[in-house]
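What follows is each chain in one-letter form.
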Amino acid sequence: MKVYFDNAATTKVENEVKKLMQPYFDKIYGNASSLHFLGQQSRQAIEEAREKIAGFLGARREEIIFTSCATESNNLAIKGVVFAYDFLRKQKNPKYSFAEKPHIITSSIEHHAVLHTTEYLEKFGFQVTYLPVDKDGVIKVEDVEKNIKKNTVLVSIMYVNNEIGSIQPIKEIGQLLKKINEKRDKEKLPKIYFHTDAVQAFLYLDCNVQELGVDLLSLTGHKFHAPKGIGLLYIKKGTLILPQQTGGGHEFGLRAGTENIPYIVGLAKAMEIAFENREKEALKIKKLQRMVVDEVLNNIEDVVLIGSLTKKAPHIVSFCFKNIEGESLVLMLSQKGIATSSGSACTSGKLEPSHVLLACGVPPQIAHGSLRISLGKYNTEKEVKYFIEVLKKTVKKLEKISPKELL
Ligand code: PLP
């Protein structure tokens, strides 16, 4: 039996999506900037996809910028906003002439696509505050307020964490920033923009940008059954932002490069399927998630569930096995046809525990034993049962051989 429990890493491309993409490889292959009929057909396909996608997000068509992935979207959102503010600051524009370089607020559990971008900006003198999380992996809204400074220009908080599935209070932060921005406007202070990395949220949670109160929102197609290599950034009209990839004037001058037409068409179709089935799928997956948690906790000793189930998106759960090492567990499950992942990252022979687990207060020796199960629409109860049988045996085997004194 083959079981795919790594849907937070990536998902299978939907057949309907592939079918719809096909003609744009071999029939309508024109460059969307070309004036001839093939170019115009390509342009039409892009603009129809953009219009549809804007509808799924409650946005306007000109607010959707196609990118190659969420890493690129996050880079554009974060660097684009802070560089724009820094540019205005250097122009000695009175509204933007704070003494210090722009300040960003983010969380300590963001994906590296955000964290490594803010760390990069710190090297150039930009200021960054990393908010802590509680044991469930959730930030406090009041911590955002407490950390706002005169030179704060951006708050970037992920919607759903990719390792433990915790949902962040995006709507509440949106409401808070709206009030703060009204006050700042009267005080002639610049607006604080709000960005969310919603990569792990789109399949199961409402991503309406008006409801959430966000100015920027990142998505990547391969997390919701579109191919790898296509993403988007929602940018609210009027946002101060500089392009991070310059060249031709594509994507309203914000992201140069010939548009990836088949993938854009595929992205829109995958979003349509996800959007239309969201509530039904969320209920189904939540039930499977509950089953995984109950079965693991009832059948295995020395294991902890990271974070409360009530604060999680339906598709992600993370456990820590006290006496074993997560990567060995992943490899042994893989030998039995089960694809999962672990929060540890093996870099230069040294096992680093996940920054997310550490931020949730998990001790490093326990964080080494992490296992992430991420479910998807094709998973079944039968697969969960098979996984539990294999897991029980595997954990026993690993416990016997684990060098406990090192853990
Ligand atoms: N943000 C989150 C929360 C993710 O889970 C991922 C992928 O794992 C990314 C960003 C990066 O996505 P991509 O690899 O498509 O750039």
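Reading the values: rules and limits
- Residues numbered from 1 in each chain as written.
- Predicted model: local features only at pLDDT ≥ 70, side-chain atom pairs only at ≥ 80, totals over all residues.
- Heavy atoms only, no water.
- Domains from an automatic or database assignment.
- Contact = heavy atoms within 4.5 Å.
- Buried area = accessible area lost by both parts, 1.4 Å probe.
- Salt bridge = Lys/Arg side-chain N within 4 Å of Asp/Glu carboxyl O.
- Polar contact = N/O pair within 3.5 Å; in protein donor to acceptor, adjacent residues only side chain to side chain.
- Helix = DSSP H or I, 4+ residues; strand = E, 2+ residues; numbered from the N terminus.
- Nonpolar A, V, L, I, M, F, W, Y, C, P; charged D, E, K, R; others polar.
- Core = buried A, V, L, I, M, F, W, Y, C linked by side-chain atoms within 4.5 Å.
- Buried < 20%, exposed > 50% of the residue type's maximum accessible area, 1.4 Å probe, protein only.
- Pairing = 2+ DSSP bridges.
- Axes fitted to C-alpha atoms, helices over the stretch in contact; angles between N-to-C directions.
- Near = heavy atom within 4 Å.
- Areas by Shrake-Rupley, 256 points an atom, 1.4 Å probe, with all protein chains shown as cover.
- Phe/Tyr/Trp six-rings, centres within 6.5 Å; stacked < 30°, edge-to-face > 60°.
- Expected span 1.5 Å × (residues − 1).

**Student:** Looking at this model, I keep getting lost on the domain arrangement of the chain. Mind explaining?
**Tutor:** One widely used convention gives an interface's size as the accessible area the parts lose upon coming together. Segmentation of the chain into domains returns domain 1 (3–10 + 278–402) and domain 2 (15–273). One C-alpha centre belongs to domain 1, the other to domain 2; they are set 29 Å apart. Across the contact, 29 residues belong to domain 1 and 31 residues belong to domain 2. Across the domain 1 to domain 2 interface the summed buried area is about 2400 Å²; carbon plus sulfur atoms make up 53%. It is Arg278, Lys311 and His355 that lose the most area in domain 1 upon contact with domain 2, and together they represent 27% of the buried surface on that side. Close ionic contact of Lys311 with Asp136 constitutes a salt bridge, the shortest N to O distance being 3.0 Å. The tally of links between domain 1 and domain 2 comes to 16 residue pairs in polar contact (both at pLDDT 80 or more). At the level of secondary structure, the elements contributing two or more residues to the side of domain 1 that touches domain 2 comprise α10 (261–299), β10 (316–321) and α12 (355–359). A breakdown of the residues in the side of domain 1 that touches domain 2 according to their chemical character gives 14 nonpolar, nine polar and six charged.

**Student:** Which parts of the structure should I look at to understand the nonpolar core?
**Tutor:** Across soluble globular proteins, nonpolar side chains have a tendency to be buried as a group. Leu57, Met271, Phe321, Phe387 and Leu391 are the most contacted members of the largest nonpolar core, which totals 100 residues. Element by element, the count of residues in this core is highest for α10, at 16 residues. Two domains each put at least three residues into this core: domain 1 (3–10 + 278–402) and domain 2 (15–273). Leaving out residues up to four positions away in the same chain, Phe321 has contacts with Val296, Ile300, Asp302, Val303, Leu329, Ile366, Gly369, Leu371, Leu391 and Val395. Residues Ile65, Ala77, Val82 and Val153 belong to the second largest nonpolar core, which totals 23 residues.

**Student:** Just checking my understanding: could you explain the sheet that holds strand β6 (residues 193–197) for this structure?
**Tutor:** Backbone hydrogen bonds hold the strands of a sheet together, and the pairing may be parallel or antiparallel. Strand order across the open sheet formed by seven strands is β2-β8-β7-β6-β5-β3-β4, with mixed pairing between neighbours. Of all the strands in the sheet, just β2 (64–67) and β4 (127–131) have a single pairing partner and so form its edges. The average undirected angle you get between the axes of adjacent strands in this sheet is 20 degrees. Across five bridges, the pairing between strand β3 (residues 103–107) and β4 is parallel. Its bridge partner being in β4, Ile104 is matched across the sheet by Val128.

**Student:** Sorry if this is basic, but what is going on with the site of the ligand here?
**Tutor:** Neighbouring the ligand are the residues Cys69, Ala70, Thr71, His111, Met158, Asn162, Asp197, Val199, Gln200, Thr220, His222 and Lys223. A distance of 3.3 Å separates an oxygen atom of the ligand from a polar backbone atom of Ala70. With respect to the ligand, the side chain of Thr220 contributes an N or O atom lying 2.7 Å from an oxygen atom. Protein chains bury 87% of the 390 Å² of accessible surface belonging to the ligand in isolation.

**Student:** Explanation requested: the sheet that holds strand β9 (residues 303–305) in the structure shown.
**Tutor:** Judged by pairing direction, the sheet is antiparallel, and its three strands sit side by side in the order β9-β10-β14 without closing on themselves. Of all strands in the sheet, those bounded by a partner on one side alone are β9 and β14 (370–374). Within this sheet the neighbouring strands show an average axis-to-axis angle of 25 degrees, counted without direction. Of the pairings in the sheet, the one linking β9 to β10 comprises three bridges and is antiparallel in character. For Val303, the partnering residue across the bridge sits in β10 and is Phe321.

**Student:** What should I look at first to understand the pattern of salt bridges in this one?
**Tutor:** Oppositely charged side chains can form a pair if their charged atoms are brought close together. Scanning the model with the defined rule gives 24 salt bridges in all. For Glu272, the salt bridge goes to Lys52, with nearest N and O atoms at 2.7 Å. Remark: Lys52 occurs in helix α3 (residues 37–57) and Glu272 occurs in helix α10; sequence separation between them is 220 residues. On the basis of relative accessibility, which here comes to 34%, the residue Lys52 falls in the partly exposed class.

**Student:** Please explain the packing of aromatic side chains as it appears in this structure.
**Tutor:** Scanning the model with the defined rule gives eight aromatic pairs in all. Taking 5.0 Å as the distance between ring centres and 35 degrees as the angle between the ring planes, the aromatic pair formed by Phe56 and Phe275 counts as tilted. With Phe56 in helix α3 and Phe275 in helix α10, the pair connects residues that are 219 residues apart, well separated along the chain. Of the residues examined, Phe56 reaches a relative accessible area of 12% and is grouped as buried. Aromatic pair Tyr85 and Tyr193: ring centres 6.0 Å apart, planes at 45 degrees, arrangement tilted. Taken together, the residues Tyr85 in helix α4 (residues 70–90) and Tyr193 in strand β6 connect sequence positions 108 residues apart. The pair Tyr85 / Tyr193 is uniform in exposure class, with both members buried.

**Student:** Just to check I follow, could you spell out helix α14 (residues 381–401) for this structure?
**Tutor:** Each α-helix turn comprises 3.6 residues. Residues three or four places apart therefore point the same way. Over its 21 residues, α14 extends 31 Å from the first C-alpha to the last, a length consistent with the 30 Å expected when each residue adds 1.5 Å. Elements that come into contact with the buried residues of α14 comprise β1 (3–4), α10, β10, α11 (326–335), β11 (338–339) and β14.

**Student:** Got a minute to help me understand the pairing of β3 in this structure?
**Tutor:** Here is the key point about a regular strand: its side chains alternate between the two faces of the sheet. Of all five residues making up β3, five are buried, and the element is well covered by its neighbours. Side-chain alternation along β3 places His103, Ile105 and Ser107 on one buried face and Ile104 and Thr106 on a second face that is also buried. Of the strand pairs in this sheet, β3 and strand β5 (residues 152–156) are connected by four bridges, and their pairing is parallel. Its bridge partner being in β5, His103 is matched across the sheet by Thr152.

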